[in-house]
Amino acid sequence: MEHNTVHFHWNMLIVFYLFTAGMSAGAFFVSGLATYLGGARYKRISRIGAMVAPWPLSLGLFALIFDLTKPFEFWWLFLTVQYTSPMSIGSWLLTLFSIISFIYLILWIPRPWRDLLRVPYTLADLTHLRAWKPLNRRAVGIARRVVAAIGAPLTIGVGMYTGVLLGAVTARPMWNTPMVAQLFLLSAISSGVATVLLIAAFIHPKGDHDHLHAERHFLVSLDAMLIVLEIFIVIPFLLHQTLNTWSSAESLNLIMGGPYTLAFWGGVALLGLLIPLAIEGFELFPVIWQEQAVKYSRLWGGLSASLVLLGGFLLRYVFVYAGQVSHFLPLYVR
Amino acid sequence: MSENNTSPKRRWVFVMEPERCINCEACMVACSVENVVPLGEHRNWINKIERGTFPDLSAVYLPENCHHCANPPCERVCPTGATYRREDGLVLIDYEKCIGCKYCMMACPYDARYVNEEKTAVDKCTFCVHRLDEGLPPACVETCVGNARHFGDLNDPNSEVSKLLATHDSYRLYEEAGTEPAIYYIRT
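Residues numbered from 1 in each chain as written. Chains lettered and ligands numbered in written order. Predicted model: local features only at pLDDT ≥ 70, side-chain atom pairs only at ≥ 80, totals over all residues.

### A word on the interface of chain B and chain A
At the junction of the two partners, chain B supplies 37 residues and chain A supplies 30 residues. Breaking the side of chain B that touches chain A down by element, the ones donating at least two residues are strand E2 (44-51), strand E3 (58-65), helix H2 (73-77) and helix H3 (103-107) of chain B. For the side of chain B that touches chain A, the residue count by class is 24 nonpolar, six polar and seven charged. (Contact = placed C-beta atoms within 7 Å. Helix = DSSP H or I, 4+ residues; strand = E, 2+ residues; numbered from the N terminus. Nonpolar A, V, L, I, M, F, W, Y, C, P; charged D, E, K, R; others polar.)

### Overview of the confidence of the model for chain B
Here chain B shows a mean pLDDT of 93. Residues at 70 or above account for 97%. Note on the complex model: pTM 0.92, ipTM 0.90. (pLDDT = per-residue confidence, 0-100.)

### Comments concerning the pairing of E2(B)
On any regular strand, side chains alternate: one points to one face of the sheet, the next to the other face. As defined by bridge partners, E2(B) adjoins E3(B) across eight bridges and the pair is classed as antiparallel. Looking at E3(B), one finds that B:Arg51 is bridged to B:Ser58. (Pairing = 2+ DSSP bridges.)

### Some details on the sheet that holds strand E8 (residues 149-153) of chain B
Residues and elements named next belong to chain B. The four strands lie next to each other as E8-E1-E10-E9, forming an open sheet whose pairing is mixed. Two strands lie at the open edges of the sheet, namely E8 and strand E9 (170-171), each paired on one side alone. Against the sheet, helix H6 (residues 160-167) contacts strand E1 (12-16), E8, E9 and strand E10 (183-186), and its axis sits at roughly 110 degrees relative to E8. (Axes fitted to C-alpha atoms, helices over the stretch in contact; angles between N-to-C directions.)

### Here's the deal with the environment of A:Leu277
Residues and elements named next belong to chain A. Looking at the secondary structure, you find Leu277 in helix H10 (residues 261-290). In this structure the C-alpha to C-alpha distance between Leu277 and Ser221, which are 56 residues apart in sequence, comes to 9.9 Å. Among all residues touching Leu277, those that are not within four sequence positions of it are Ala224 and Ile227.

The following block contains the structure:
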């Protein structure tokens, strides 16, 4: 009787969910960062990030819920807080983040539509619906910054949680390292940047082109930095797994000649990290060496962003699937 | 076995004697019948382990089921508290609270859990808790033809399992993972 045959109890729905949760967290993070660092200069990307942030996660949560054996009883998650369960903490984090990201989205709705939202300005107005007024410019500006600041730690939490979910499992040597959470967090922010970059490259650019160059510079240098940091985690991950216990070294074989080698090296490393980094390096080259502005290019922006997203998805695919194959050493008789 | 089997003073354990196991799988059949385990799934199983190199070969069979760990990774990761540890150390599942996220299945180093499609919940060996509470041993123990499976209270020095462990060398599986499993194997 073969007991330890591999069943993939976590499948593509989980991969999709981990990817979209990261994407949402990343998009919110970039939007908030752009708001604080650039203000009016990066307004377009702040808005794109805010508009995008809640949606991937919402889709991902559907995937997650329908992966349950009892999709319609997911609410059991919210009757308790299990401090030792990353999934329990994560459920609460995701809920909080979803609420914040929807509030943030509302604050970034452009002018004529935003005015449909009316709020009371004084306590006395509370009971007089007619006295409620649209948010004024200043109030919106402050509210955006406040909500972005509240959301920032949540985005880090969500991005990290997707990795901790896997990393907390001792029984799967491929997952059981803090580097998975670090890698997933950076990849989450990177896929958020890529989403914003992709949309920013394809919606009709309005206004002067200096703006577009400046925001492209911001996004590309941020993403290039994130990719470099990801590589700085992938390399120690490979080294440590090789030099760790026998079962860790065995688990690494899954991506070093095993069934996930192509997905990891071809997909995650080459398509997802190295090629986008090369494209972004090519875009940043004139900035660094010739002190010119980054050129706004749909082709390069769209290509590197798409590849980063593909790589982010494959990273989660490789870890979710290969991780489930990874196992403690086979039993032996003493 | 006496009454009050759920007392926290008890520590229910299995002691397996691999040398007595002949891989007849009667324990698996008894378990499936006793616990109405869906076809294709099993709560207990037998590992076949080969030793030596040709021509000095031998095979040893390690019967296994849920280890009811004292430090259960499955319980730790359960997001709804569906997996819990009873006072006497049994690791059980509240099938109503289990939403089937399968996180526990990732966390179990023994792969002791399966999805029970009929219950739409995750399921596993319960040490036959319903029999235990009536003072009966688990079905697999009762049916074992080679007497390879022993079950009892480790905190009772006069129990069969305590005596076996006192007189034999034993080991546990993946003990180094810190799970504190409750299945002991007599060294062969």
